[in-house]
Amino acid sequence: MSERVLQEPTLLVLTALADEPRHGYAIAQEVKSLSGGRVALRTGTLYGALDRLLKDGLIEVFREEVVDGRARKVYALAPLGRERLAVAAERMAATAREATRRLGISGAAVTRA
């Protein structure tokens, strides 16, 4: 697995799993909520990402269940995923602090153009 910077959809999926295990639809809903509606993962994109994250060891299958006759996997953040998410969060926070410093913003609200 490469140590490349996590892209926003991946970051959002990992964040969605940071506090509790979730099944695919719940992950998609949480990603949409976390992003303020900006990121809406399509089913194929979501499950492709989940397969890749499983392969990379960032998430794991927490349990499998049958709901209304259909198999459903519940995913959880793996220890490696928690570590990678923490590193990414700190990197983003450091960048945001520096951007805030350079813009001269000190706790004041920023208006959007």
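Parameters at a glance
Residues numbered from 1 in each chain as written. Predicted model: local features only at pLDDT ≥ 70, side-chain atom pairs only at ≥ 80, totals over all residues. Heavy atoms only, no water. Helix = DSSP H or I, 4+ residues; strand = E, 2+ residues; numbered from the N terminus. Buried < 20%, exposed > 50% of the residue type's maximum accessible area, 1.4 Å probe, protein only. Contact = heavy atoms within 4.5 Å. Pairing = 2+ DSSP bridges. Axes fitted to C-alpha atoms, helices over the stretch in contact; angles between N-to-C directions. Core = buried A, V, L, I, M, F, W, Y, C linked by side-chain atoms within 4.5 Å. Expected span 1.5 Å × (residues − 1). Polar contact = N/O pair within 3.5 Å; in protein donor to acceptor, adjacent residues only side chain to side chain.

> Explain the overall build of the protein residue by residue, including any values.
Within the protein one finds four helices and three strands. For the protein, the C-alpha atoms occupy an extent of roughly 55 × 30 × 20 Å along the three principal directions. For the protein, the proportion of its 113 residues judged to be buried stands at 29%. Once local pairs closer than 6 in sequence are excluded, the contacts in the protein between residues at least 24 apart make up 48%.

> Before we move on, can you summarise the sheet that holds strand β3 (residues 70–77) with the specific residues and values?
As summarised here, the arrangement of the three strands in space is β1-β3-β2, forming an open sheet in which the pairing is antiparallel. The open sheet has two edge strands, β1 (22–23) and β2 (59–67), and neither has a second partner. With two bridges joining them, β1 and β3 adopt antiparallel strand pairing. Bridged to histidine 23 within β3 is valine 74. Contacts between helix α3 (residues 43–55) and the sheet are confined to β2 and β3, with β2 contributing the most and set at about 130 degrees to the helix.

> Could you give me a rundown of the nonpolar core, with the residues and numbers involved?
Formed by 21 residues in total, the largest nonpolar core has its most connected members in Val13, Leu14, Ile27, Val31 and Ile59. Elements that contribute at least two residues to this core include exactly α1 (8–16), α2 (24–34), α3, β3 and α4 (79–103). Those residues in contact with leucine 14 that sit more than four places away from it in its chain are Leu6, Leu53, Leu58, Ile59, Leu77, Gly81 and Leu85.

> Hey, could you go over α4 for me, with residue numbers and the actual values?
In a regular helix each residue adds 1.5 Å, so 25 residues correspond to 36 Å; α4 covers 36 Å between its end C-alpha atoms and thus fits that length. All of the buried residues along α4 are Gly81, Arg84, Leu85 and Ala88. Packed against the buried residues of α4 are α1 and β3. After α4 finishes, the residue glycine 104 shows a positive phi value of roughly 75 degrees.

> Residue-level account of the side chain of threonine 10, with values.
Looking at the secondary structure, you find threonine 10 in helix α1. A polar contact of 2.9 Å, which involves the side chain of threonine 10, links it to the side chain of arginine 52. Excluding residues that lie within four positions of it along the chain, threonine 10 makes contacts with Arg52 and Leu53.

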